[in-house]
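Observations on the model geometry
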Amino acid sequence: MIFRSFNKGGLKIVAVLTASLFVSACQTTKLGGEVKAVTEAEQPLVFNGPGLEGGYRSFTSGDPTGARHTVTMAHYGPRSGSLPRASMQLYQASGGMHFTKSHTPFESMKLWHYFKERNPVQVSDGVGVNPIGAIEYVVAKTSDNLSCVGFLQFYGSRTDAGLGTRRLSGYYCAPEGVSLSDADAKSIVKGISLRE
């Protein structure tokens with residue numbers, strides 16, 4: 001990912017770790033002591049995905065790179081079994097930085113470790129709306145026949161060609177035998193919001 005920062009010296013491009021590094025590294029609570037487990041109430045993400053009510057929830061938050069940027073990870077599962085499941089990552093840039101380059105929702109979804117061996121194939125894509133604003137989504141099928149929705153949303157301060165200071169990405173996978181449609185995808189991403 002590329003961030004742009006404005007300071008007295010002019011335009012400065014700062015390259016930072018890619019989303020794949022954050023996704024794989026932030027799934028633990030021991031990353032240089034800078035990322036820790038938090039309660040649901042201590043982090044900003046809210047997700048009301050179908051089949052996840054009252055189920056498993058896990059959250060971590062912190063600054064894994066020491067660059068004064070906060071990364072929050074949220075993982076959701078059912079009351080029993082392994083599906084449906086969902087994960088989200090919120091990257092909050094600071095210090096005048098903002099996102100200037102983006103993956104597609106499908107590329108972003110494939111970066112999650114969960115899809116490493118599942119070889120997802122894109123079925124459709126589109127744009128939905130949630131309380132934060134417009135959110136892009138993709139519907140995909142995996143090699144083990146799961147139907148999943150990947151999503152990507154930018155918000156926060158926008159300057160120049162910037163996409164915003166906040167990047168929210170993640171996925172939701174339905175129970176086995178359930179095929180998600182575009183209407184389902186729009187309903188799923190509509191359930192994503194912020195506590196603040």
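Anyway, here's the lowdown on the structure attached to this text. As the structure is a computational prediction, the values presented were derived from the model and not from experiment.

Section: the pattern of salt bridges
For the structure on display, the rule yields two salt bridges. For the salt bridge of Glu40 with Arg57, the shortest nitrogen-to-oxygen distance reads 2.9 Å. Of this pair, Glu40 sits in the loop between β3 (35–37) and β4 (45–47) while Arg57 sits in strand β5 (residues 57–62); the two residues are 17 residues apart in sequence, bridging distant segments of the chain. For Glu40, a relative accessible area of 29% gives the class partly exposed. Asp144 is paired through a salt bridge with Arg118; the nearest N and O atoms lie 2.9 Å apart. In this pair, Asp144 is assigned in the loop between β10 (133–141) and β11 (147–155) and Arg118 in the loop between α2 (105–110) and β9 (121–130), connecting sequence segments 26 residues apart. Its relative accessible area of 39% is what places Asp144 among the partly exposed residues.

With respect to the sheet that holds β10
Spatially, the eight strands line up as an open sheet ordered β3-β5-β6-β7-β12-β11-β10-β9, and their pairing is antiparallel. The two strands at the open ends of the sheet, each matched to only one other strand, are β3 and β9. Across the sheet, the axes of successive neighbouring strands diverge by a mean angle of 15°, strand direction being ignored.

Details of the environment of Ser124
Mapped onto the fold, Ser124 is located in strand β9. It is 5.2 Å that separates the C-alpha atoms of Ser124 and Val139, two residues lying 15 residues apart in sequence. The residues touching Ser124, leaving out its near neighbours within four places in the chain, are Val138, Val139 and Asp182. A polar side-chain atom of Ser124 sits 3.0 Å from a polar atom in the side chain of Asp182.

Cut-offs and rules
- Residues numbered from 1 in each chain as written.
- Predicted model: local features only at pLDDT ≥ 70, side-chain atom pairs only at ≥ 80, totals over all residues.
- Heavy atoms only, no water.
- Salt bridge = Lys/Arg side-chain N within 4 Å of Asp/Glu carboxyl O.
- Helix = DSSP H or I, 4+ residues; strand = E, 2+ residues; numbered from the N terminus.
- Buried < 20%, exposed > 50% of the residue type's maximum accessible area, 1.4 Å probe, protein only.
- Pairing = 2+ DSSP bridges.
- Axes fitted to C-alpha atoms, helices over the stretch in contact; angles between N-to-C directions.
- Contact = heavy atoms within 4.5 Å.
- Polar contact = N/O pair within 3.5 Å; in protein donor to acceptor, adjacent residues only side chain to side chain.

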